[in-house]
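Descriptive analysis of the structure
So the chains spell out like this:
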Amino acid sequence: MPSMNMVQALNSAMDVMLSRDSRVVVLGEDVGYFGGVFRVTDGLQKKHGAHRVLDTPIAEGGIVGAAVGMCVNGLRPVAEIQFADYIYPAYDQIVSEVARLRYRSAAAFTAPLTIRTPCGGGIRGGQTHSQSPEGVFAHVSGIKTVMPSNPYDAKGMLIAAIEDDDPVIFFEPKRVYNGPFDGEPDKPAQSWAGHPLAEVPEGYYTVPLGQAAIARSGEAITVVTYGTMVHVCAAAVEALGLDAEIVDIRSMMPLDIDTIAASVSKTGRCLIAHEATRFAGFGAELSASIQERCFWDLEAPIMRVAGWDTPYPHAFEWEYFPGKRRVMNALKQLMAEAT
Amino acid sequence: MPSMNMVQALNSAMDVMLSRDSRVVVLGEDVGYFGGVFRVTDGLQKKHGAHRVLDTPIAEGGIVGAAVGMCVNGLRPVAEIQFADYIYPAYDQIVSEVARLRYRSAAAFTAPLTIRTPCGGGIRGGQTHSQSPEGVFAHVSGIKTVMPSNPYDAKGMLIAAIEDDDPVIFFEPKRVYNGPFDGEPDKPAQSWAGHPLAEVPEGYYTVPLGQAAIARSGEAITVVTYGTMVHVCAAAVEALGLDAEIVDIRSMMPLDIDTIAASVSKTGRCLIAHEATRFAGFGAELSASIQERCFWDLEAPIMRVAGWDTPYPHAFEWEYFPGKRRVMNALKQLMAEAT
Amino acid sequence: MAIDLGAQFAACWLMLWGMSAPRLHVPAVPARPGESPDFSYVRLSPAGAVHCLPIDAPVSATVPLAEELIRVLDDAHHAVGPWNPQLDPEVLRRGLRTMLQTRVFDDRMQRAQRQGRITFYVRSLGEEAVSVAAAMALSDRDMLFPSYRNQGLHLARGLTLVEMMSQLLSNTRDMCKGRQLPVMYHSTAHRLFSISGNLATQFPQAVGWAMAAAIKGESDIAAAWIGEGSTAAADFHHALTFAKVYKAPVVLNVVNNQWAISTFQGYAGGEQRSFAARGPGLGLAGLRIDGNDFLAVYAATRWGAERARQGHGATLIEHVSYRAGAHSTSDDPSRYRPRDEFHDWPLGDPIDRLKQHLIAIGEWDETRHATLLAELEEEVTAAWREAIAAGSLNEGPRLDPALMFEDVFKELPAHLREQRDALLAELANP
Amino acid sequence: MAIDLGAQFAACWLMLWGMSAPRLHVPAVPARPGESPDFSYVRLSPAGAVHCLPIDAPVSATVPLAEELIRVLDDAHHAVGPWNPQLDPEVLRRGLRTMLQTRVFDDRMQRAQRQGRITFYVRSLGEEAVSVAAAMALSDRDMLFPSYRNQGLHLARGLTLVEMMSQLLSNTRDMCKGRQLPVMYHSTAHRLFSISGNLATQFPQAVGWAMAAAIKGESDIAAAWIGEGSTAAADFHHALTFAKVYKAPVVLNVVNNQWAISTFQGYAGGEQRSFAARGPGLGLAGLRIDGNDFLAVYAATRWGAERARQGHGATLIEHVSYRAGAHSTSDDPSRYRPRDEFHDWPLGDPIDRLKQHLIAIGEWDETRHATLLAELEEEVTAAWREAIAAGSLNEGPRLDPALMFEDVFKELPAHLREQRDALLAELANP
Ligand SMILES: Cc1ncc(C[n+]2csc(CCOP(=O)(O)OP(=O)(O)O)c2C)c(N)n1
Ligand SMILES: Cc1ncc(C[n+]2csc(CCOP(=O)(O)OP(=O)(O)O)c2C)c(N)n1
Ligand SMILES: [Mg+2]
Ligand SMILES: [Mg+2]
C-alpha cells in the first residue's frame with residue numbers, strides 16, 4: 001500500500017472520484033492550473049480537464065452559490081475555500097441555501113455538495129490563516145460537519161463526503177497535512193512516512209461519516225478530540241504515561257455520541273480538546289451531551305482545553321496554541337480531582 | 001412613568017441617543033421614512049433628519065461594512081438587520097472586521113457599532129423569519145451578544161449598547177415586542193400594559209451589559225434562559241407551583257456566569273431553555289460552564305430545552321416552539337431525578 | 001422631492017464638528033403620501049424606436065440597449081419596430097389568459113389571507129407580463145429560478161391552481177410539506193426551482209445551473225428573476241461575475257417595479273442610471289425593456305435565451321414595471337407613497353395593453369374577455385374548494401408533525417429520531 | 001492559449017449525458033510556463049490621446065474614459081496631453097524618491113524573509129506608482145484604506161521604516177502588538193486604516209467613512225485600493241452600490257496587476273472588458289489609466305479626489321499594471337506564468353519611466369540617481385538595525401504574551417482574565 005501524506009490522500013480522493021463519477025467537478029480559487037495553494041488539487045485539471053476542475057473568481061459566496069446550482073443540475077461539486085478563515089462570505093449561501101434546500105423543497109431539490117477547507121493554526125498564519133470555525137457550522141441544521149486527523153481517514157472520508165447525498169463541510173487540519181504534530185513546535189517536524197495511518201489504498205474506499213474512532217484505548221480517562229489535537233493529546237497522554245482512551249470524533253454532525261458516551265461511562269473522567277476558541281465552541285456541545293448521558297458515571301467535572309477566546313495572534317502562536325503542555329496540565333488536574 | 005411596549009422602548013432608546021449624541025446614526029432597510037417593518041424606528045427620521053436616520057440598499061454586508069467605516073470616522077452607528085435570518089450576508093464583515101478591528105490594530109481603530117435585529121419565532125414567519133442565531137455570534141471573540149426580554153431592559157440595554165465602545169449584536173425577541181408570551185399560542189395575546197417591566201423612564205438610563213437578572217427567586221431548581229423563553233419558563237414554573245429560580249441571562253457575552261453558578265450551586269438542579277436549535281447552541285456553553293463550576297453541587301444532570309434541530313417549519317410552529325408544555329415536562333423530569 | 005431634514009440638527013452638529021452642513025446625498029423620492037404622483041424620472045423611448053442587434057453582438061454594442069427602453073406596443077395598441085416578435089394571435093390569447101389567471105388567482109388569495117385562511121400572501125399585480133411572457137418565450141426544458149413575485153411563471157408552466165393553493169395553505173397536499181411560508185413554490189416536473197425567503201440567493205444558483213448545462217454539453221439554459229431592490233445584494237454581483245467569466249448560458253432578469261417594500265429604487269442605485277447598465281458594466285449583454293409590454297418581454301427573453309443557447313453568454317434584462325399593490329399582505333403602501341399612483345404609471349397595465357392589442361388586430365373583444373374572466377373566476381373557486389378540502393392551518397386534515405424532522409438530512413439521524421419521539425410523546429400526553 | 005482539456009473525459013461523459021462536448025467557456029490565459037509572453041490582450045491608447053472631462057461631468061460621459069487608457073508619459077519620456085498634471089520637478093523627484101525607497105525596502109524585506117527573520121512578505125514590485133502618486137495627489141487629511149500591496153502609501157505618508165519593519169518583525173515596537181501577520185500596517189496619525197487579511201472588506205468601509213465625512217459636513221475624502229482579483233468579492237459590489245446611492249466622497253481604486261495569486265485577470269471578469277467599466281455600469285465615474293505612469297496616476301487621483309470633494313460623487317479608477325514579483329513569499333509564479341514576463345510588459349517599469357522623464361526634462365541624471373539609491377539603501381540598513389534591536393520572533397526582546405488577551409474588548413472581561421492567568425501559570429511552570 002502506498003504511503004501518502006494528507007495532501008496526497010485528499011488529492012487521491014478527488015482523483016478517484018473524478019475518474020469514477022462524471023458528475024463530480026472541483027472548483028475554487030487557484031485549484032485548477034496551479035493545483036491549489038496547498039497543492040491538494042495538484043494535477044487534477046491536467047488529468048480531468050478544465051471543465052471539471054475550475055479556477056474561480058475570488059468570491060466564496062459565488063463559489064458556493066454556483067455550486068448549489070450545479071447540484072440542482074445533477075453535478076456533485078467539490079468546492080475548495082482557500083482558508084477556513086475565508087469561508088464567511090459564503091456563510092449565507094451555506095446556512096440559508098445549502099443547509100435548507102432539501103428541507104424547504106421536501107427533497108425535490110438537494111445540494112450534495114462538499115466544501116473542503118483547510119483550518120487550524122500552527123503554521124504562523126496569523127489571525128486570518130489559522131481559524132477553526134467548525135462550531136458555527138455544526139450548529140446549523142442540515143449540513144454535515146467533519147474533520148479527519150490522518151491520511152487514511154482524509155481520503156476515505158472525502159470520498160464518503162462526495163458520495164453523500166447531504167452537503168458536507170469538510171475541514172482539513174492543515175498543520176497535519178505533511179505530518180503528525182505533537183504540539184511541541186521546537187521539535188523537528190514529523191512526516192507521515194512510516195505512520196500506519198499513512199498507508200492509504202490507491203483506489204476507492206470510504207470511511208463512513210458520523211463514526212468516531214478510538215485513536216487509543218484506555219481505562220483511566222477519556223480524551224474527546226479531533227483534527228490536529230488528536231496527535232497533541234496522544235503525545236500528552238504518552239508523556240504522562242496515562243492509561244487514557246482517546247476518541248477522535250472525526251465528525252461533529254452527525255456526532256457519534258454513543259461511542260463517546262460509552263467511553264466516558266467506562267472511564268468516569270473526560271477531557272475535551274480542540275483548537276477552536278473555547279466559548280460557545282464545539283467543545284461545549286460535547287461537554288453538554290456527555291454530561292447529559294454520563295452524569296451518574298462522572299467522577300470529576302468534564303474539562304475543556306481549547307484556543308483562548310481571542311483572535312489568533314501571530315507573535316504568540318505557541319502561547320496561543322493548546323499544545324502538549326496545556327493538555328498535560330489539564331490531564332493532571334483532572335486525574336487529581338477527588339471522586 | 002409611562003408604560004411602553006418593547007417596540008416603543010427601543011424607539012425611545014434610539015431617540016434619546018440621537019438627541020444626546022450627534023455621533024449616533026441609525027441605518028437599515030426601510031428604517032427611515034417608513035420607520036421599520038416592526039415600527040421600531042418610527043418617527044426617528046422625521047425628528048432627526050435623513051442624514052442621521054438612513055434608508056439603505058438591501059445589502060446586509062454593505063450596511064455593516066459601511067457602518068464600520070462610519071465608526072472609524074467617529075460616528076456611532078446603530079444598524080438594523082430587518083430579520084436575524086438575514087444577518088448572514090453580513091457575517092464576514094461582523095466576524096472578520098467588526099469583531100477583530102480593535103485587536104488587530106491594537107486599539108488604534110475600533111468599531112463601537114450596535115447591530116439590532118429581531119429574532120425568534122412564534123409569529124408564523126416560517127423558516128426565514130423565525131431564527132435565533134445568537135450562538136454563531138457568541139462564539140466569535142470580540143463582539144458582545146445580548147438579548148433583552150422586556151421593555152425596561154430593552155431600552156436600558158440598547159442605550160448601554162450604543163454607548164459601549166465595543167461592538168454589540170443586539171437581538172430583539174420579536175414575539176414579545178408587543179406583550180409577554182407564556183408559550184400558549186391559543187390563549188389571547190397579552191399586552192405589556194400594566195406589566196411592571198413595561199414602566200419605562202422617558203429619558204436616559206442604562207442597564208449594564210453582562211449582568212444577568214434574577215427574574216424569579218426560588219430554591220428548588222434553577223432555570224437559565226433568555227428572551228421570549230423567560231416568559232414561557234415563568235408560566236411553566238407557575239403552572240407547576242415550583243419554587244424555581246429563573247435567571248434571565250440577558251447577555252451571552254459577556255456572560256454573568258457568577259450569578260448563574262451561584263444559583264445552580266444553591267438549588268443543585270438546572271434547566272437551560274432557549275428557542276435556538278439545540279445542537280451546539282448557546283445552551284451547550286451554558287451547560288458546559290455550569291457543570292465546570294457546579295459539578296460537586298449538582299444533584300441531577302443539567303438539562304436543555306431548545307428548538308428542535310430542524311429549520312423552523314411554517315405549518316408546525318407550535319409543535320416546533322419550545323412552549324410551556326415542553327418546559328413543564330422537562331422541569332418535572334428534572335425534579336424527579338434521584339439525588 | 002428630496003428628503004432633507006438635516007437642518008434640524010445642524011446646530012448641535014456644528015458645535016461638535018465645527019464644519020458646514022451635512023452634504024450626504026439622499027436619493028430623491030418623487031412623491032410621498034398626500035403628494036401627486038410624479039413619474040417624470042422614468043426615461044421612456046417611443047415604441048419601436050430602439051434598434052435590434054444580432055444575438056451574437058458584442059457586449060459593448062448593447063450599451064445603448066441597456067439605456068433606452070425597448071418597447072413594441074405603441075399607444076394605438078399596435079406592435080411596431082424591430083423587436084416585434086410577430087406572434088401568432090393564438091399565442092397572444094394564451095398569454096392574455098395566463099396573465100388574467102394570475103390576477104384572478106392573486107385577488108382571491110389576497111382575500112383568503114384577509115379572511116385568515118392563509119398566513120401571508122404576495123401579489124404580482126401589474127407585473128404579470130414579466131413572468132408570463134418570459135415563461136412562454138423560453139423552452140420548457142429551461143430551468144427557472146423565480147423570486148416570490150413570479151407566480152406567472154408557475155401558472156404558465158402548468159402548475160395547477162390546486163397545487164399552488166395547497167402550498168399556500170400548508171395543507172396535506174402541500175408540495176413543501178408545510179415547511180415553507182406561503183408563495184415559496186417549487187416543481188421539479190415543471191423545472192421551477194424552490195423559492196427562497198432570502199433575497200437574491202437564486203441568482204448565482206441559476207448561473208451555476210447554467211454552468212453545469214454547459215459543462216455537460218446540454219443546450220438547456222437557466223433564467224432567474226429578482227427585484228431591483230435585491231440588486232444591491234452580494235449574490236447579484238456573484239451571479240453577474242460568474243456568468244461573465246464562464247459565459248454561462250443564463251438570462252438574468254431584474255424586475256424594476258420601482259419599490260422594495262417602502263424603499264424607492266433610487267436606494268438600490270437606480271437614480272439616473274438603469275439597472276440594465278450593470279450588464280455591460282460587468283461584461284454581459286444588457287437590455288432595458290418595457291416590462292408591462294407582453295411583446296417586449298417576449299422578444300427580449302427570446303433574444304437573451306438564444307444568445308445564451310448559442311454560446312454567446314448571458315444577458316441582463318431590466319424589466320421596467322410598477323408594483324401596483326402592497327409589497328405583501330404585511331405591508332401598507334399608503335404610508336410611504338401616494339395612493340393610486342398606478343393610474344399614472346406611464347407604462348400602463350400589462351393585461352389591458354395586451355387585451356387592447358388583440359382587440360386592435362381583431363383577435364379579441366370585450367364579450368370574449370368577460371367570458372374568459374368569468375371562466376377563470378370559476379376555475380379559481382373550484383380549485384379553492386378542492387384545495388381547502390385537503391386542509392389548512394386552522395381546519396380540516398393536517399400534515400403529520402413528524403414530517404418536521406424529515407428531509408433535514410436524507411436519512412433521519414439518531415438525534416432527530418430522539419427529538420421526533422420526544423415530540424410525539426409530548427403530543428400524546430398534552 | 002485557451003485551456004481545453006475537456007476532450008479527455010468527453011467519452012465517459014457522453015455515456016452519462018448523451019450530449020455534445022462541454023461548452024463551458026474557460027477564460028484564456030495568454031501564456032503559461034515555457035511559452036512566450038503575450039500581452040496582445042492589453043488594450044492600449046497612445047499617451048495623451050484620451051480627452052479630459054470637467055470634474056462634474058455626468059457619469060455617462062465617463063464611459064469612454066473607462067474603456068480607453070489614460071496615459072501622460074509618452075515613449076520619448078515626455079508628458080503629453082490633457083491629463084498632464086504639470087507637476088513641479090521637485091514633486092516629481094519626491095515621487096521618484098519614495099518609489100525607489102519602496103523598492104529598496106521591498107527588496108530588503110524579501111531577503112529578510114528568506115533569511116527567516118520575518119515570517120511572510122508581500123512586495124509591490126512594479127506597482128510603486130499606483131500607491132506613491134496617489135498618496136501625493138491626495139490631501140494628508142484624506143483617509144486611506146489600503147490593501148496589503150500598497151506600502152508606497154505608507155512610505156509616502158511618512159510612516160518610518162523602523163515602524164514598518166517593527167510590524168514585520170512582530171517585535172516590541174510593533175504597532176499591532178504582535179497580533180497581525182507582516183505587512184498589515186496601520187497608522188491613525190497618518191490616516192492609514194488597518195489592513196485586513198480578508199480581501200476587499202476595506203472597500204465598503206472606505207465608503208462608510210466617506211459617508212460619515214459627508215454627514216458631518218467635512219471636506220475630507222476617503223480612498224481605497226484592492227486588486228483586480230478582489231473585484232469579484234461581495235464587498236466590491238457593496239462599496240460601489242453605497243457609493244453610488246449616497247454619492248459618497250470616495251476614490252475607489254482597482255489595481256489590475258493581471259494576476260491574483262495564480263489566477264489570471266480573465267477569471268475576475270477582465271476578458272475583453274475593463275474593470276473601470278464597472279464604475280459607470282453602477283453609476284460612478286470610471287477611469288482606466290496606465291498605472292505605471294506616475295503622472296497619469298497622479299492626475300486621475302486628483303480628478304477623482306476633487307470630484308468627490310466637491311460633491312459630485314465617487315470615481316472608480318482601474319490602474320493597469322503588472323505584478324512583477326511573486327504574489328508573496330509563499331508563492332512561486334514560475335509554476336503558472338512565463339519567467340521574466342515583466343520585461344515584455346508594455347507599460348514598463350514605473351520607476352524607470354519617471355526617472356527617464358526627469359532626465360528628459362533635464363531635472364535628473366544617472367549620477368544623482370546612483371547617489372539616491374545608495375542613500376536609500378543605507379537608510380534601510382540603518383532602520384533594519386534599529387528595528388531588529390527591538391526584537392523579532394526568534395531573538396532579542398519579545399512582547400509580553402499577556403498582550404494577547406488585550407484589545408479583544410476595551411476592558412478585559414473576567415473570562416479572558418482567567419485565561420490570561422492560566423497562560424501565565426503555564427509559562428511560569430513549563
Ligand atoms: C437577505 C434579505 N434581506 C432582507 C429581506 C427582507 N425583504 C423581503 S422582500 C424585500 C424587498 C425586496 O424588494 P425588491 O427586490 O425590489 O423586490 P419586490 O418585492 O419589489 O418584488 C426585503 C427587504 C430578505 N427577504 N432577504
Ligand atoms: C476573502 C478572501 N478570500 C481569499 C483570500 C486568499 N487570497 C489572498 S490574496 C489573493 C489574491 C488577490 O488577488 P488581487 O485581488 O488581484 O490582488 P493582488 O494580490 O494581485 O494585489 C487571495 C485569493 C483572502 N485573503 N481573502
Ligand atoms: Mg422592487
Ligand atoms: Mg491582482
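Above: the structure in question.
Residues numbered from 1 in each chain as written. Chains lettered and ligands numbered in written order. Predicted model: local features only at pLDDT ≥ 70, side-chain atom pairs only at ≥ 80, totals over all residues. Heavy atoms only, no water.

**Regarding the overall build of chain C**
When helices and strands are counted, chain C shows 12 helices and seven strands. Here the C-alpha radius of gyration of chain C, 23 Å, is about what a compact globule of 430 residues would show, namely 22 Å. Overall size of chain C, expressed as C-alpha extent along the three principal axes, is 70 × 65 × 50 Å. Going through the 430 residues of chain C one by one, you find that 64% of them count as buried. A separation threshold of at least 6 residues defines the contact pool for chain C, and within that pool the share at least 24 residues apart is 74%. With the model as given, the accessible surface of chain C reaches about 14,000 Å², and the carbon-plus-sulfur share is 50%. For chain C, the separation between the mean place of its 41 positive charges and that of its 50 negative charges on side chains is 3 Å. (Helix = DSSP H or I, 4+ residues; strand = E, 2+ residues; numbered from the N terminus. Rg over C-alpha atoms; globule rule 2.2 N^0.38 Å. Buried < 20%, exposed > 50% of the residue type's maximum accessible area, 1.4 Å probe, protein only. Contact = heavy atoms within 4.5 Å. Areas by Shrake-Rupley, 256 points an atom, 1.4 Å probe, with all protein chains shown as cover. Lys, Arg positive; Asp, Glu negative; His and termini not counted. Charge placed at Lys NZ, Arg CZ, Asp CG, Glu CD.)

**Some remarks on the sheet that holds strand β4 (residues 114–119) of chain B**
All names here are of chain B. The seven strands lie next to each other as β2-β1-β3-β4-β6-β5-β10, forming an open sheet whose pairing is mixed. With partners counted over all chains shown, the strands left at the sheet margins are β2 (53–55) and β10 (251–253), one partner each. Across this sheet, the average inter-strand angle for adjacent strands is 20°, counted without regard to direction. The sheet contacts of helix α1 (residues 6–20) involve β1 (24–28), β2, β3 (76–80), β4 and β6 (168–173), and relative to β1 the element is tilted by about 135°. (Pairing = 2+ DSSP bridges. Axes fitted to C-alpha atoms, helices over the stretch in contact; angles between N-to-C directions.)

**Focus on the coordination of the magnesium ion (ligand 3)**
All names here are of chain C. Surrounding the magnesium ion (ligand 3) are the protein donor atoms Glu228 (OE), Asn257 (OD1) and Trp259 (O), at 2.1 to 2.2 Å. In the primary sequence, the donor residues of the magnesium ion (ligand 3) line up as E-x28-N-x1-W. Of this pair, Glu228 sits in the loop between β2 (222–227) and α7 (234–245) while Asn257 sits in the loop between β3 (250–256) and β4 (259–260), placing them 29 residues apart in sequence. The same class applies to Glu228 and to Asn257, which are both buried. (Donors = N, O, S within 2.8 Å, 3.2 Å for Na, K, Ca; no water.)

**Re the pairing of strand β3 (residues 250–256) of chain D**
Two faces belong to every sheet, and in a regular strand the side chains alternate between them. Residues and elements named next belong to chain D. Among the seven residues in β3, seven count as buried, and that is most of the element. The two faces of β3 match: Val250, Leu252, Val254 and Asn256 on one face and Val251, Asn253 and Val255 on the other face are all buried. Pairing between strand β2 (residues 222–227) and β3: six bridges, direction parallel. Following the sheet pairing, Ala224 is matched in β3 by Leu252. Each parallel crossover has a hand, and the one from β2 via helix α7 (residues 234–246) to β3 is right-handed. Taken together, the six bridges between β3 and strand β7 (residues 315–320) define a ladder with parallel strand orientation. Bridging across to β7, Asn253 finds its partner in Ile317. (Right-handed = clockwise from strand over helix to strand, strands pointing away.)

**Quick notes on the environment of Glu306 of chain C**
Of note, Glu306 of chain C is situated in helix α9 (residues 294–309). Put simply, Glu306 of chain C and Pro249 of chain C are 57 residues apart on the chain and 9.1 Å apart in space, counted from C-alpha to C-alpha.

**Overview of the site of ligand 2**
Near ligand 2, the surroundings consist of 19 residues, among which Glu60 of chain A together with Tyr148, Arg149, Ser230 and Trp259 of chain D are the closest. Residues lining ligand 2 come from chains A and D. The contact in question runs from an oxygen atom of ligand 2 to an N or O atom on the side chain of Tyr148 of chain D, over 2.6 Å. Between ligand 2 and Arg149 of chain D there is a distance of 2.8 Å, counted from an oxygen atom to a side-chain nitrogen or oxygen. Considered on its own, ligand 2 offers 590 Å² of accessible surface; in the complex 95% of this is hidden by protein. (Near = heavy atom within 4 Å. Polar contact = N/O pair within 3.5 Å; in protein donor to acceptor, adjacent residues only side chain to side chain.)

**Remarks on the interface of chain A and chain D**
With 48 residues of chain A at the contact, the number on the chain D side is 57 residues. Carbon and sulfur atoms make up 64% of the surface buried where chain A meets chain D, a total of about 4,300 Å² over both sides. For chain A, the biggest contributors to the area lost against chain D are Tyr33, His51 and Phe316 of chain A; these three give 17% of the whole. Linking chain A with chain D are two salt bridges. (Buried area = accessible area lost by both parts, 1.4 Å probe. Salt bridge = Lys/Arg side-chain N within 4 Å of Asp/Glu carboxyl O.)

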